[in-house]
Amino acid sequence: MKNESPTGRGTRLKELRQAAADNPNSAKALLNLGTALMKAGFIDRAEETLRRSVELDPGFAEAWSNLGGVLLFRWDLDGCLKANQRALELKPDLVQGHYNQGLGYLYKGDTEEMVSCFREVLEREPQNAGAHYYLAVGLNAQGEVDQAREYLDRAMALGHTPEPAFLKAMESAPLPEVTAGETGGPAPIFEIGPDSKDSDQ
């Protein structure tokens, strides 16, 4: 995604608000708005908007997964996992669903499920740098240090910048405990649908 200036982001958000106002029954328009609100830091409004999107179209996998991403930011880990599970029931190959699910399991400290999720991502997107990195984190926590180093090397070769604490922990650290409200953690993947002013969703 291109980096936008604050002015550009504000203009884009205004456009998406207008599109949602013009098409209040469009799940796609609400997905776009909810995602933009999340990225702008309006978490409450983002959750409200994405919940409306899945109410309008319960079969909209991307909206479920984005809702799960918002819930992850709110530290509602069970809600995150439940929403992404629904997304994957609807669309089993949805990369962002597996990715966000993996982050949810990271914060719950479930390395087995976390590793499984990021392997699913890499089956579908072998060049996903973030998935290589978080797979390395999970494997290291399981004591598979050699495998972890391999995936970390791939992540870095693909352009991912690892957390300094993880590099330091590669020798023997278990999965670090994360407390609610900690900043600087991994960010979910969000999907923005194509621009549309129709109301077919």
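Residues numbered from 1 in each chain as written. Predicted model: local features only at pLDDT ≥ 70, side-chain atom pairs only at ≥ 80, totals over all residues. Heavy atoms only, no water.

(A) The arrangement of the overall build of the protein chain in detail. When helices and strands are counted, the protein chain shows 10 helices and 0 strands. Going from the N terminus to the C terminus, the protein chain shows its helices and strands as α-α-α-α-α-α-α-α-α-α. For the protein chain, with 201 residues in total, the buried portion stands at 47%. Of the contacts formed within the protein chain by residues at least 6 apart in sequence, a portion of 58% connects residues at least 24 apart. (Helix = DSSP H or I, 4+ residues; strand = E, 2+ residues; numbered from the N terminus. Buried < 20%, exposed > 50% of the residue type's maximum accessible area, 1.4 Å probe, protein only. Contact = heavy atoms within 4.5 Å.)

(B) Highlighting the packing of helix α7 (residues 111-124) against helix α8 (residues 129-141). Interhelical geometry of α7 versus α8 gives an angle of 150° and a closest axis separation of 9 Å. With respect to their mutual orientation, α7 and α8 come out roughly antiparallel. In this structure, α7 crosses over α8, and the sense of that crossing is left-handed. Where α7 abuts α8, its residues T111, M114, V115, F118, R119, V121 and L122 lie against A131, H132, Y134, L135, V137, G138, L139 and A141. Of the residues contributing to the contact of α7 with α8, the split by class is 11 nonpolar, 3 polar and 1 charged. (Axes fitted to C-alpha atoms, helices over the stretch in contact; angles between N-to-C directions. Parallel < 35°, antiparallel > 145°, perpendicular 65-115°, else oblique. Left-handed = near helix turned anticlockwise from the far one by under 90°. Nonpolar A, V, L, I, M, F, W, Y, C, P; charged D, E, K, R; others polar.)

(C) Seen up close, unusual backbone geometry. Of note, W75 is a non-glycine position whose phi angle comes to about 65°, a positive value. By relative accessible area, W75 is classed as partly exposed at 24%.

(D) Structural view of the side chain of N66. Residue placement: N66 occurs in helix α4 (residues 61-73). Polar contacts involving the side chain of N66 include one to the side chain of T35, which spans 2.7 Å. (Polar contact = N/O pair within 3.5 Å; in protein donor to acceptor, adjacent residues only side chain to side chain.)

Nothing here speaks to function; it is all geometry.
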